[in-house]
Each structure stands twice: as C-alpha cells, then as structure tokens.
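Results of the structural survey
Okay, here's what each chain looks like letter by letter:
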2 protein chains.
Amino acid sequence: MAQKIKLSTIAEALGVSTATVSLALRDSPLVAETTRERVKAYAREIGYIYNRRAASLRTSRSGIVGVVVHDIMNPFFAEILKSIESELDRSKQTFILSNHYDSVEKQRDFIETLLQLGADGVIMSPAIGTPAEDIKLAERNAMPAVLIARSVDGVSTPSFRGDDSFGTGLATDHLIELGHKRIAHIGGTDQTSTGRDRYAGYRQAMDRAGLKVREDWRISGPRTKLAGFEAAEAFLNLPDRPTAAVCWNDLVAIGLMNGLIRSGYSIGEDFSVTGYDDLQEAAIATPALTTVWNGQREVGRMAAKTLVARINEHPTVTGLQLISPELHVRKSTAAPKPDR
Amino acid sequence: MAQKIKLSTIAEALGVSTATVSLALRDSPLVAETTRERVKAYAREIGYIYNRRAASLRTSRSGIVGVVVHDIMNPFFAEILKSIESELDRSKQTFILSNHYDSVEKQRDFIETLLQLGADGVIMSPAIGTPAEDIKLAERNAMPAVLIARSVDGVSTPSFRGDDSFGTGLATDHLIELGHKRIAHIGGTDQTSTGRDRYAGYRQAMDRAGLKVREDWRISGPRTKLAGFEAAEAFLNLPDRPTAAVCWNDLVAIGLMNGLIRSGYSIGEDFSVTGYDDLQEAAIATPALTTVWNGQREVGRMAAKTLVARINEHPTVTGLQLISPELHVRKSTAAPKPDR
C-alpha cells in the first residue's frame, strides 16, 4: 500500500512544526494567514488531503467504502454492486455509492469527498479518460483502490474484469460455426478499453475464419436498450445486409431484437443476435438470448475481497486480473436462411 | 426543522461542563472513565449522535446528501435517482447512496453513518416496517429528511409519491372499458403502503363496475421481471381463467408477457396486460406495454428540491404529496376474444 503522506512531511519541507501544519490545514486563526496559505498550497501540490475523520479519531477505521461507476441504471453494474455489497457486509463495511457518468471531474469530486470522510477504500469503474494521477491520489492518501470493468494505464492497482476480446470471440465463432458469413457488430465505443477489446475479439474471429471485416458493418455507439431498439433500422439498411449481429451487451441485443420483431422479422429465423453479460433478463427475453457470461458477480466478489485485504494490509494481487467468459447458447441464434 | 440536540443539553442534565461532554464523546482520556461512560450512555438515551465533521467545522455544511432505497437494481429507483442527482448537482451537493433491501437495521446503520459524516440531509424510500422513531432520529440531529415512494405513519416529513390507488384504478377502468370482466391482479404485497394502495385501486374499480373481485384471482408477491415471468404458469392455471392482468409494475408485466408468449399466447389478442411506472423499456417491450405513468422523475425532482430547501431552512410543504398518475395506452391491451 502506498505510504500515507504525513503532516511531518509537510512540516519538514516548510520548516514549521507539525502542530502549525495541522492548525493551518484546519484554517485556524492561531496560524498567520501567510503561513496558512503556504502550508495549504504545498499540501495541495503534493496531493495531501486533510482527513477530518482521521484527525479526530486516529485509532480506528471509518468502516466506509466508496464505490463509483459510470451508471448504476445499467443492470450490469447493479449485478456487480450486489455482489460487492454482500461481500462488504460480511466484513461490516458500509458502502456508499456514486455515479460519474464518465465525467472525470465528478469522479474526482467523489474521491475527494471519500478522502475527507476518511473512507477506508474505494472500488472504481474508472471514467473514460481517467488519468493514472487520480487513482494515485487515493492511494497516496492511504485509501487503497480496486478497479472493476475497465483498466487504467500506468497504475498497478488490482483490476478485475472479464476477458472482453476472448468473449466476443466466443460469440463470433459460434455464429460462424452456425454458417453465418455476414456478421455485423453493434454498439460500444473505441473510447473505452472494453469497447476496443470487444470489437477486437470480433475482428480476430472473423479474420481467423477468413471472413471479411467491413467497417460499414459496424454500428458503434449504442449501449442501452433504447439505443439498440433504435439501431434496428440502421441494421436493416446495412449494405449487403448481414444475417447476424454481435452486440456490445445484452441491453443493446434485447433492444435490437425488439426493434427487428416490430419490423416483422423473426429472431433465430431471419436473423441471429448475440448479447454480452448474461444479465438475469437475457434468459427471460423472447427469444431467450444467446450471450456471453461476463462473470459480473465474480468481478464484484473478487474486487471487494481484494479491497478488504488491502485495507487490512494483507498481501493481494496487483494489476489486471481477467475473468474468463463463457458462451451461453439459447434461442436467438440459429443457422442462417439459405442465401437469397 | 427539529431543534438540534446541543452539548449543553447533555451538560446541564448531568451537571458537568460542555467541554467535559465534548471530550467524553470523543473518548478523551482527559475525562474520567466513569464520567465518559455516563455521558455516552445519556447521549445514546436521548438520541444524540456525535458529529465529528460538525465538531471540526462548525461553520460550513458537508455538502453531502444521503439517499437510501430498497433496491437500486430496480429501474424505477434508478429513474428517480437520476432526477434527484441532476437536481442536487445544481446545488453542488454530493450524493451518496445505499440499499437497505427492506432491512430496517441496514437503513438505521446508514442513517447513523450519515449523521457521523455530518451529512446535510437524507432522502429515503423507507424500509418496510420503518418506525417513525428512525426518521425522527435524523431530524432531531438537524439532518432533515424527505421520503419518496412510501410513507411512514406518525411523521410529518415531506413525502412524495404517486397516487397508487388512483393509478391502478385507471388501468383497471381501461380494461373494463375494453370489455374485460375477468381481470387478475398480479404482484406486490400488502406489507407496503404501495402494495395496499395499488390493490385497493383495482378492487375499487372492479366494485364500481359491478364486477366480482375474487381473492383467487390475485397472485401476490412478484415484484421483478423474473418473478413475473415465473407467474405466467400460475396465471394460466387460475380458476375461470381471467382474460386480463393488472400487474404491480412494468417489470412484472414484461416478465409475465414473456412467459405467456413462450407458452404460445399472443398478448393483446389472447390476453391483455397492464404495467405500472412507465419505465423507459415499457415502450420498447414487444408488444409495447400499456401502463401507468407514475411520475418517478417528478418524485425525484420534487424530493431533491424540497430537501435542499429544508437544508437552507426555507419553508417547505409537509406531509404526503401525491403525484397524479396518467394512463399510457399501447399495444398490450385490446378487447377480449368473444367468451369461449
């Protein structure tokens, strides 16, 4: 675990007493204003955040763990959160949650709030564009972090996520084995590691099978059920209309299926569709969705276990830990109709 | 807003100085152990919670608002939370979230955590069986509360929710106007005010139309998509099989529709189904779901606005504020087939 920045570090650097530093950080009038400003400026510079809770209660932990994800409306996160929660419950940690909606700023606000609250640790699905610095800010202030769902370059923080390129490879291979040759890829974005990896897995599977990867068979963007629903029309208008779609996630796949059904097509007969995540509702959808199990419960459980171990200063893994996905075949995929 | 319990209240009652009380609550060795225990016991007795943040920073607010609901996995709450969040963003409040899964104990832990953190206020969807005392605990410690989705007897705390009995009345009236006479009610529980109110609205509409309310046409319990899906079999086995189902919420309705479609039935033709909430996916479902718009965005917005007003000690409404629901007719309802 990173060494916590101590008051004495600041005191030594500025040639003042630790008591002065402590009072200055609390804005005490007992310290001259110029000194206060000098201390606060230096503290900011080296990334020190004044921990009120710790100041009043040096001996104990706060029992609070922060969790920040891009959007809790996504059932993928809800499933991860559920397993994080039951794991944290076991070690009597209270869990507080925030959304960053892929705003690095919002995420930083939350980390700073957690530091001020003296939270014991943080589990993050980092916002698009998160600099390594923001993760280090937490760690340097003795608040260990664990990443889920996405990685950040330049940090060795334990990160848990599914092996995305392998996963879309499984879905694409399955469609190819059924006899599909014209396969579209729908949803996701190149701005995230997940987006790049999932698309790469699809490309590689197509390449391996000697099938053409066409940029114009990619509809990037959609990540929700509504966006998948709206993408049905674009899919139907693709050049040399594909017979199958590898979707970014289950939400996009379910939305797309509903859109295609509304246009009078039958899924499994006219088109094959695969999802990703194996959400609870994938099995309930009509037709039941062929999808890739993404280990979200495992991701949550392992992330929480690792964070608790780090809080207790036990040794843990570092860096990226990939969970191996599995293909769950249901009714939304079948052999293509004979070529028209 | 309730008067905050002051250190001086405790000091006067025990005949010690406020400084002694303050030190005792911080477990300072400067106070004799017997005195410390006496102070802490009395403080607990009168419901005082030591606010570390406030102690170190009397003049400013923490900028933190707590939100606790039974289950953020429910998209109904996710939609409420989204509008709470955008409202709080506007007044620069950070928002931390917790689930209580209808455990009064978990909810109380969260309230106590919020008090210790010096949170400015709390928005709660109270757990089943929440005693008025638990809401008063927050208010007595100068942390104003606002309730959403459910009410609690014995408090005048502002509460925002839809008019549930009126809403299910709208759905039931609609089915009756289409010509249905045998209408089932599926999902929900009598343990919550929402459950009782929604069932009451259905009963009253049946009564008004002179139709028979049969206890054996009620399948209580289901609240999720999976439970709705599994209820399809029970629905098909109801005595004198009903031709329509008024469902507790959209999730149950969408699950039920999928279950019935899997059994070879056509929704809108063989059976009519109504939902409740008008979630984003109600319009995307196939067939598009006839449902009752429940004003969740409005609930979230008004709750957050009211909480911010209370934090700023501006006058606000008190007690229950009902939002009037609206029927959104889509494709899942139609006239029944001629009686077989």
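Since the model is a prediction, treat every value here as computed from it, not as a measurement.

Reading guide: rules and limits
Residues numbered from 1 in each chain as written. Chains lettered and ligands numbered in written order. Predicted model: local features only at pLDDT ≥ 70, side-chain atom pairs only at ≥ 80, totals over all residues. Heavy atoms only, no water. Axes fitted to C-alpha atoms, helices over the stretch in contact; angles between N-to-C directions. Helix = DSSP H or I, 4+ residues; strand = E, 2+ residues; numbered from the N terminus. Parallel < 35°, antiparallel > 145°, perpendicular 65-115°, else oblique. Left-handed = near helix turned anticlockwise from the far one by under 90°. Contact = heavy atoms within 4.5 Å. Nonpolar A, V, L, I, M, F, W, Y, C, P; charged D, E, K, R; others polar. Domains from an automatic or database assignment. Phe/Tyr/Trp six-rings, centres within 6.5 Å; stacked < 30°, edge-to-face > 60°. Lys NZ or Arg CZ within 6 Å of the ring centre and 35° of its normal. Buried < 20%, exposed > 50% of the residue type's maximum accessible area, 1.4 Å probe, protein only. Pairing = 2+ DSSP bridges. Right-handed = clockwise from strand over helix to strand, strands pointing away. Buried area = accessible area lost by both parts, 1.4 Å probe. Salt bridge = Lys/Arg side-chain N within 4 Å of Asp/Glu carboxyl O. Polar contact = N/O pair within 3.5 Å; in protein donor to acceptor, adjacent residues only side chain to side chain. Least-squares fit on C-alpha atoms with pLDDT ≥ 70 in both. Core = buried A, V, L, I, M, F, W, Y, C linked by side-chain atoms within 4.5 Å.

**Describing the packing of helix α1 (residues 7–14) of chain A against helix α3 (residues 33–45) of chain A**
Residue and element names in this part refer to chain A. Between α1 and α3, whose axes approach to 11 Å, the crossing angle comes to 120 degrees. When the interaxial angle is binned, α1 and α3 end up oblique. Crossing angle aside, the handedness with which α1 passes α3 is right-handed. From α1, Ile 10, Ala 13 and Leu 14 reach across to α3, where they touch Arg 38, Val 39, Tyr 42 and Ala 43. Its residues assigned to classes, the contact of α1 with α3 comprises six nonpolar, no polar and one charged.

**Quick look at the domain arrangement of chain A**
Structurally, chain A comprises domain 1 (7–50), domain 2 (60–161 + 296–316) and domain 3 (164–294). Relative placement of domain 1 of chain A and domain 3 of chain A: their C-alpha centres are 56 Å apart.

**Some words on the packing of aromatic side chains**
Residues and elements named next belong to chain A. Enumeration over the complete set of coordinates arrives at eight aromatic pairs over all chains. Within the aromatic cluster, the residues linked to one another by ring pairs are Phe 235, Tyr 265 and Phe 271. If you follow Arg 218 out to its NZ or CZ, it ends over the ring of Tyr 199, 3.7 Å from the centre.

**Brief notes about the pairing of strand β2 (residues 94–99) of chain A**
Residue and element names in this part refer to chain A. Most of β2 is tucked away, with five of its six residues classed as buried. As paired elements, strand β1 (residues 64–69) and β2 share six bridges and run parallel to each other. By the bridge assignment for β2, Val 68 is matched with Ser 98. The parallel pair β1 and β2, bridged by helix α5 (residues 75–90), forms a crossover whose chirality is right-handed.

**Remarks on the interface of chain B and chain A**
Of the residues lining the interface, 39 residues belong to chain B; the matching set on chain A comes to 39 residues. Carbon and sulfur atoms supply 57% of the area that chain B and chain A bury against each other, a total of about 3,600 Å² over both sides. Counting the contacts that link chain B with chain A gives six salt bridges. Between Asp 71 of chain A and Lys 82 of chain B there is a salt bridge; the shortest N-O distance is 3.6 Å. Seen at the junction of chain B and chain A, the total is 17 residue pairs in polar contact (both at pLDDT 80 or more). Counted by class, the side of chain B that touches chain A contains 19 nonpolar, nine polar and 11 charged residues.

**Remarks on the environment of Ala 283 of chain B**
Tracing the sequence through the fold places Ala 283 of chain B in the loop between β9 (272–274) and β10 (291–293). Each C-alpha atom of the pair Ala 283 of chain B and His 328 of chain B lies 9.6 Å from the other, and the pair is 45 residues apart in sequence. Non-local contacts of Ala 283 of chain B, meaning those with residues more than four positions away in its chain, are made with Arg 262 of chain A together with Ala 288 and Arg 330 of chain B.

**Quick notes on the relation of the copies chain B and chain A**
For these two chain copies, the linking operation is a rotation about an axis paired with a shift along it. The two copies are related by a screw operation: chain B maps onto chain A through 180 degrees of rotation and 0.0 Å of translation along the axis, at an RMSD of 0.1 Å. Both chain copies can therefore be described as sitting about a two-fold axis. The fraction of interface residues of chain B whose copies in chain A are also interface residues reaches 100%, indicating that both copies meet through the same surface.

**A few points about the nonpolar core**
The biggest cluster of nonpolar side chains holds 52 residues, and the ones touching the most others in it are Ile 84 of chain A together with Ile 84 of chain B. When residues no more than four places from it in sequence are discounted, the contact partners of Ile 84 of chain B are Val 67, Phe 95, Ile 123, Ile 148, Gly 300 and Ala 304 of chain B. Formed by 40 residues, the second largest nonpolar core is a distinct cluster that contains Val 122 of chain A together with Leu 137, Ala 138 and Leu 147 of chain B.

**With respect to the packing of helix α6 (residues 104–117) of chain A against helix α7 (residues 132–140) of chain A**
Residue and element names in this part refer to chain A. Running from N to C, α6 and α7 cross one another at 5 degrees; their axes reach a closest spacing of 10 Å. Classified by the interaxial angle, the pair formed by α6 and α7 is roughly parallel. Counting all contacts with α6, which are made through Val 104, Arg 108, Ile 111, Glu 112 and Leu 115, the residues of α7 involved are Asp 134, Leu 137 and Ala 138. Along the lines of polarity and charge, the residues of the contact of α6 with α7 split into five nonpolar, no polar and three charged.

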